[in-house]
Amino acid sequence: MQLRRKLVVGNWKMNGSLAQLAELGPIADAAREAGGVDVGICPPFTLIAAAVTRSGGVAIGAQDCHQAASGAHTGCVSAAMLKEAGAKIAIVGHSERRADQGETDALVRAKAEAALAAGLITIVCVGESESQREAGGHVRVVTDMLAGSMPDDWEEGELVVAYEPVWAIGTGKVATPADVIEMHAALRAALVARFGDRGGRIRILYGGSVKADNAAETFRCPEVDGGLVGGASLTAAQFVPIVEAAAGG
Ligand code: PEP
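These lines cover the structure that appears in this document, whether it is placed above or below.

The rules behind each value
- Residues numbered from 1 in each chain as written.
- Predicted model: local features only at pLDDT ≥ 70, side-chain atom pairs only at ≥ 80, totals over all residues.
- Heavy atoms only, no water.
- Axes fitted to C-alpha atoms, helices over the stretch in contact; angles between N-to-C directions.
- Helix = DSSP H or I, 4+ residues; strand = E, 2+ residues; numbered from the N terminus.
- Parallel < 35°, antiparallel > 145°, perpendicular 65-115°, else oblique.
- Contact = heavy atoms within 4.5 Å.
- Nonpolar A, V, L, I, M, F, W, Y, C, P; charged D, E, K, R; others polar.
- Disulfide = S-S within 2.5 Å.
- Buried < 20%, exposed > 50% of the residue type's maximum accessible area, 1.4 Å probe, protein only.
- Left-handed = near helix turned anticlockwise from the far one by under 90°.
- Salt bridge = Lys/Arg side-chain N within 4 Å of Asp/Glu carboxyl O.
- Pairing = 2+ DSSP bridges.
- Right-handed = clockwise from strand over helix to strand, strands pointing away.
- Phe/Tyr/Trp six-rings, centres within 6.5 Å; stacked < 30°, edge-to-face > 60°.
- Expected span 1.5 Å × (residues − 1).
- Near = heavy atom within 4 Å.
- Polar contact = N/O pair within 3.5 Å; in protein donor to acceptor, adjacent residues only side chain to side chain.

1. Details of the packing of helix 5 (residues 105–117) against helix 7 (residues 138–149)
One can describe the packing of helix 5 onto helix 7 by two numbers: an axis separation of 7 Å at closest approach and a directional angle of 45°. On the basis of their axis angle, the class for helix 5 and helix 7 is oblique. Contact with helix 5, carried on its side by Asp105, Ala106, Val108, Arg109 and Ala112, involves Asp144, Met145, Gly148 and Ser149 of helix 7 and no other residues of that element. Across the contact of helix 5 with helix 7, the residue classes tally to four nonpolar, two polar and three charged.

Here it is as structure tokens:
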């Protein structure tokens, strides 16, 4: 039996509309037919409740949450609110939020704790910039990020890590299998060192320009338990082959 079930999650970022929720039907059908893979879609906050009604079994999630349960935080959304809207997943620490909103490891950890407390499957994103990779310290950068961003308390299956090299996000540059294998092995070792056997059961996703034509090769790499997919998750035509690749890998 597989130690970790594959997971493929689409991150729609600030894209999508009510009309685009029609993509969920064929994605749900494909996920059911492929079997053996968990599938999620994270649309913008405003589409979550409507997406839940049309999900067909695809887990709907959010791209962020606030670290507090409630209060005077204009424009923010708490994890409990997401849960009430029907979300099952929260992505925290995406590199675009780390860059655009200045989110630190400590804040990402607090958000992850809030998401877990609300009962959401929590995907903690980590990844190095191009200059950090060129300087050769990428493995240390990413494992340090992981150490600072991961909460201590979580239930089995609820915590997920996504390795997303910043230079590969939305650029069409995919990490090579060697890059992926190197980083996922380092992340796995760090998780096992910190959490013991439980760390061996945390799913580690790869994200960064995953497309139909590179998904199977990436998902075959050791310690890759699926993908976090941006641009190619916006249509069923592009996303379904990625789900199928995960199911077959
Ligand atoms: C992402 O934003 O998480 C992502 C991986 O984007 P893309 O697939 O477009 O590179």
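Back to the text.
2. Some words on the state of the cysteines
One pass over the full model with this rule turns up zero disulfides. Cys76 supplies the cysteine sulfur nearest to Cys65, a cysteine that is in no disulfide, at a spacing of 10 Å. Cys65 gets classed as buried once you look at its relative accessible area, which sits at 1%.

3. Overview of the packing of helix 1 (residues 24–34) against helix 10 (residues 236–248)
In the contact formed by helix 1 and helix 10, the axes pass within 9 Å of each other and the chain directions differ by 15°. One finds that helix 1 runs roughly parallel with respect to helix 10. Crossing geometry of helix 1 relative to helix 10 is assigned as right-handed. Contacts between helix 1 and helix 10 involve Pro26, Ile27, Ala30, Ala31 and Ala34 from the former and Ala236, Phe239, Val240, Val243 and Ala247 from the latter.

4. A short note on the pattern of salt bridges
Tallied over the entire structure, the rule returns 22 salt bridges. Glu96 is the partner of Lys13 in a salt bridge, and the nearest nitrogen-oxygen pair spans 2.8 Å. Of this pair, Lys13 sits in the loop between strand 1 (6–11) and helix 1 while Glu96 sits in helix 4 (residues 95–100), placing them 83 residues apart in sequence.

5. Focus: the sheet that holds strand 4 (residues 89–92)
Working definition: the strands of a sheet are paired by backbone hydrogen bonds and lie parallel or antiparallel to each other. Sheet architecture is closed into a barrel: eight strands sit in the order 1-2-3-4-5-6-7-8, paired in parallel fashion. Neighbour to neighbour, the strand axes of the sheet diverge by 25° on average, direction disregarded. Taken together, the four bridges between strand 6 (residues 159–163) and strand 7 (residues 203–207) define a ladder with parallel strand orientation. Residue pairing in the sheet places Tyr163 in a bridge with Tyr206 of strand 7. Contacts between helix 7 and the sheet are confined to strand 5 (121–126) and strand 6, with strand 5 contributing the most and set at about 145° to the helix. Set on the sheet, helix 8 (residues 177–195) makes contact with strand 5, strand 6 and strand 7; between it and strand 7 the angle comes to about 150°.

6. Quick notes on the pairing of strand 7
Taken across its five residues, strand 7 has five buried, putting it largely inside the fold. Neither face of strand 7 is left uncovered, since the one carrying Arg203, Leu205 and Gly207 and the one carrying Ile204 and Tyr206 both have all their residues buried. Of the crossover connections in this fold, the one passing from strand 6 over helix 8 to the parallel strand 7 is right-handed. Note: strand 7 against strand 8 (residues 226–229), two bridges, orientation parallel. Bridging across to strand 8, Tyr206 finds its partner in Gly227.

7. Describing the packing of aromatic side chains
This structure, assessed with the given rule, holds two aromatic pairs. Aromatic side chains Trp154 and Phe195 sit 5.0 Å apart centroid to centroid with 90° between the ring planes, which places their arrangement in the edge-to-face category. Of the two residues, Trp154 sits in the loop between helix 7 and strand 6 while Phe195 sits in helix 8, which places them 41 residues apart along the sequence. Both residues of the pair, Trp154 and Phe195, belong to the buried class.

8. Here's the deal with helix 5
In this model, helix 5 (13 residues) spans 18 Å end to end at C-alpha, consistent with the 18 Å of a helix rising 1.5 Å per residue. For helix 5, every residue scored as buried is listed here: Val108, Lys111, Ala112, Ala114, Ala115 and Leu116. The inward-facing, buried residues of helix 5 abut helix 3 (79–85), strand 4, helix 4, strand 5, helix 7 and strand 6. Where helix 5 terminates, the next one or two residues include Gly119, which has phi positive at roughly 85°.

9. Some points on the site of the ligand
The environment of the ligand is made up of 14 residues, and the closest members are Lys13, Glu164, Gly170, Ser209 and Gly230. At 2.6 Å, a backbone N or O of Gly170 approaches an oxygen atom of the ligand. Gly230 is positioned such that a nitrogen or oxygen atom in its backbone is 2.8 Å from an oxygen atom of the ligand. By residue class, the composition of the shell around the ligand is four nonpolar, eight polar and two charged.

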